[in-house]
Each structure stands twice: as C-alpha cells, then as structure tokens.
There are 2 protein chains.
Amino acid sequence: MAKNLRIKSARAAKDMTQKDLADAVGAVRQTINAIELGEYNPSIRLCISICKALDKTLDELFWEGGMNSEEVTS
Amino acid sequence: MAKNLRIKSARAAKDMTQKDLADAVGAVRQTINAIELGEYNPSIRLCISICKALDKTLDELFWEGGMNSEEVTS
DNA sequence: TCAAAATGTCAAGTATATGTGACATAAAAA
DNA sequence: TTTTTATGTCACATATACTTGACATTTTGA
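On a predicted model such as this, the values are computed, not experimentally measured, just so you know. Numbers given to residues run from 1 along each chain, matching the order in which its sequence is written. Chains and ligands are labelled sequentially in the order written, the chains with letters from A and the ligands with numbers from 1. Local features in a predicted model are, by the rule used here, given only for residues with pLDDT of at least 70; side-chain atom pairs are given and counted only at 80 or more, and totals for whole chains, interfaces and linings are based on all residues.

Asker: Is there a simple way to explain the relation of the copies chain A and chain B in this structure?
Answerer: A rotation about some axis, followed by a shift along it, carries one copy of the chain onto the other. Superposing chain A onto chain B takes a rotation of 180 degrees plus a shift of 0.0 Å along the axis, which leaves an RMSD of 0.0 Å. Look at the turn and shift together and you get a two-fold axis relating the two. Residues of chain A ranked by C-alpha distance from the rotation axis are headed by Ser 43 of chain A, positioned 2.0 Å from it. Once C-beta atoms are placed from the backbone, any two residues with those atoms within 7 Å are in contact. Both copies contact each other with a shared surface, as 100% of the interface residues of chain A are interface residues in chain B too. Overlaid copies result from least-squares superposition on C-alpha atoms, with residues included only where pLDDT is at least 70 in both.

Dropping the structure here:
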C-alpha cells in the first residue's frame, strides 16, 4: 500500500500522539499506527472521524495526489 | 446509518446502473446497493474507486453536509 | 400487457478491519 | 545514563465488509 504521511503530519500539527488520535476517534493505537503505515484500508467512517479530529477533510487526508502517498511501484 | 443519494445521483448523471458501477470498481452489485442504502461502511479504497468511476472526489461523495445524507435522528 | 432490466433483499461463506494484550525499540526528557 | 513516553510489531480473537447465489419486486421499454 502507501504510507499516509498526511495523517502523521496533521497529527504533529496538533501535537497529538497516535494514542491521542486513537482516543479522539474511539479507536486503538495500533489501528492508527497501521493506517499511517499503510498496512490497511480503513473504513470511511473511521476516515471521517480522523478528519474531524484533525480538522481536515477527506480530500486533504485520503484523496490521492497528496504530498504524501509513497507509492510502492508494483 | 444514512442513505447516500449522492452516489445514486452521480451514477444517474453517467447513466450507469448499480451493476455498471460495481463492474467498474471491481465489486459486486449488492455491495454498491448496500452502500447506497447506507447499510454499511465501505473501505476508503472502495470509496476512492467509486469516486474515480464517477468523476467525483471523496469530499463530493462521502464528506458530510452534502445534499444527500438523510440522517436518521437516533 | 408482457418481457426484460434494474433494484431490493436474504442466507451463508470468506476475507479482512479492528480490538486486546504483550513486548521491543526509538525518541524525549529527567 | 536512566526513566518515561511514543512508536513499531506480533499473535490471537471478534466484528463486519464483501462475495456468491438466489429470488421478489419495481421500473422500463417493446
């Protein structure tokens, strides 16, 4: 998949740890970690919760072409 | 949950049936149907595929506050 | 009206997102 | 350095997205 550096960055901008974000969205630290590392494919509801917690929109954090998306060429 | 009329509408604008859209995104007709009816919570990848097939963005089809979202008050 | 296509729905199975608990390492702060 | 906190990672359990196949109903068009 592709690492999501935009979440990490938006999180840093709010000085939140992975656990802080997890608590804010009612998820667990490992889930946030896995999403940032691109290890899986979260549900749209979780994405929306993350966006709200970070004051971003879906397009800003999850639409492609963003500054993040480290595509793995394969 | 909430019905997603925006997908239905964007699909109509492209004259696509649920099955057409399903084929375009590599899913199955029932899955598209369930998403439009708000019966579940699709993955972000499927959402992105749907957006691309319909020439829309995530914010246009899945961010809240859109013309659609029939909230069920409960 | 009749037939075909589109949509809604159901039951059962598979794949995978997410949770829980635990431990190792990296980074920050004392 | 030593201690604490944040992050990465693993194994296992559970919930649910998604598939498959089938049938009923609604809509469209001949």
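Asker: Which parts of the structure should I look at to understand the protein's contact with DNA strand C?
Answerer: For each residue, a C-beta position is placed from the backbone atoms; the residue is near a molecule or strand when that point lies within 6 Å of it. Around DNA strand C sit 18 residues in total, of which Thr 31, Tyr 40, Pro 42 and Ser 43 of chain A together with Thr 17 of chain B are the nearest. In this description a helix means any DSSP run of H or I spanning at least four residues, a strand means any run of E spanning at least two, and both kinds are numbered starting from the N terminus. Secondary-structure elements contributing two or more residues to the surface near DNA strand C are helix H3 (29-36) of chain A together with helix H2 (18-25) and helix H3 (29-36) of chain B. Ten residues, namely Ala, Val, Leu, Ile, Met, Phe, Trp, Tyr, Cys and Pro, are considered nonpolar, four, namely Asp, Glu, Lys and Arg, are considered charged, and the remaining ones, Gly among them, are considered polar. In the surface near DNA strand C, the residues fall into six nonpolar, nine polar and three charged.

Asker: Explain the protein's contact with DNA strand D here, please?
Answerer: DNA strand D sits among 18 residues. The nearest are Thr 17 of chain A together with Thr 31, Tyr 40, Pro 42 and Ser 43 of chain B. Elements supplying a minimum of two residues to the surface near DNA strand D: helix H2 (18-25) and H3 of chain A together with H3 of chain B. The greatest single-element share of the surface near DNA strand D, amounting to four residues, is contributed by H3 of chain A. Residues belonging to the surface near DNA strand D are distributed by class as follows: six nonpolar, nine polar and three charged.

Asker: Please clarify how the interface of chain A and chain B should be interpreted in this entry.
Answerer: Interface size, as often reported, equals the accessible area lost upon joining of the parts. Taken together, the contact pairs 13 residues of chain A with 13 residues of chain B. Secondary-structure elements contributing two or more residues to the side of chain A that touches chain B are helix H4 (44-53) and helix H5 (58-62) of chain A. Element by element, the count of residues in the side of chain A that touches chain B is highest for H4 of chain A, at four residues. Its residues placed into classes, the side of chain A that touches chain B shows seven nonpolar, three polar and three charged.

Asker: Would you mind going over the environment of Ile 32 of chain A with me for this structure?
Answerer: All names here are of chain A. Examined against the element boundaries, Ile 32 turns out to sit in helix H3. A tally of 26 C-beta atoms within 10 Å means that Ile 32 is categorised as buried. Considering only alpha carbons, one finds Ile 32 and Asp 20, 12 residues apart in sequence, at a separation of 9.9 Å. Residues within four places of Ile 32 in sequence aside, it is in contact with Gln 18, Leu 21, Ala 22 and Ala 27. The burial label depends on the number of other C-beta atoms within 10 Å of a residue's C-beta. Counts of 20 or more mean buried, 12 or fewer mean exposed, and intermediate counts mean partly exposed, with C-beta atoms placed from the backbone.

Asker: Sorry, what's going on with unusual backbone geometry here?
Answerer: Among all residues except glycine, the phi angle is most often negative; among peptide bonds, the trans geometry is most common. Of note, Asp 55 of chain A is a non-glycine position whose phi angle comes to about 55 degrees, a positive value. One non-glycine residue, Asp 15 of chain B, adopts positive backbone phi at about 55 degrees. Within the fold, Asp 15 of chain B resides in the loop between helix H1 (5-13) and H2. Among the residues examined, Asp 15 of chain B registers 7 C-beta atoms within 10 Å and is labelled exposed.

Asker: Honestly, the packing of H2 of chain B against helix H4 (residues 44-53) of chain B in this entry has me stumped. Any pointers?
Answerer: Packed helices, taken two at a time, are described by the angle between their axes plus the distance between the axes. All names here are of chain B. The interhelical angle for the contact between H2 and H4, taken along N-to-C directions, is 115 degrees, at an axis separation of 9 Å. Remark: the crossing between H2 and H4 carries right-handed chirality. Across the interface between the two elements, Leu 21, Ala 24 and Val 25 of H2 pack against Leu 46, Ser 49, Ile 50 and Ala 53 of H4. Its residues assigned to classes, the contact of H2 with H4 shows six nonpolar, one polar and no charged. Angles run from 0 to 180 degrees between N-to-C directions of axes, and those axes are lines fitted to C-alpha atoms, restricted for helices to the stretch in contact. Rotating anticlockwise by less than a right angle from the far helix to the near helix defines a left-handed crossing, while the corresponding clockwise rotation defines a right-handed one.

Function-wise, these values are silent; they only describe arrangement.
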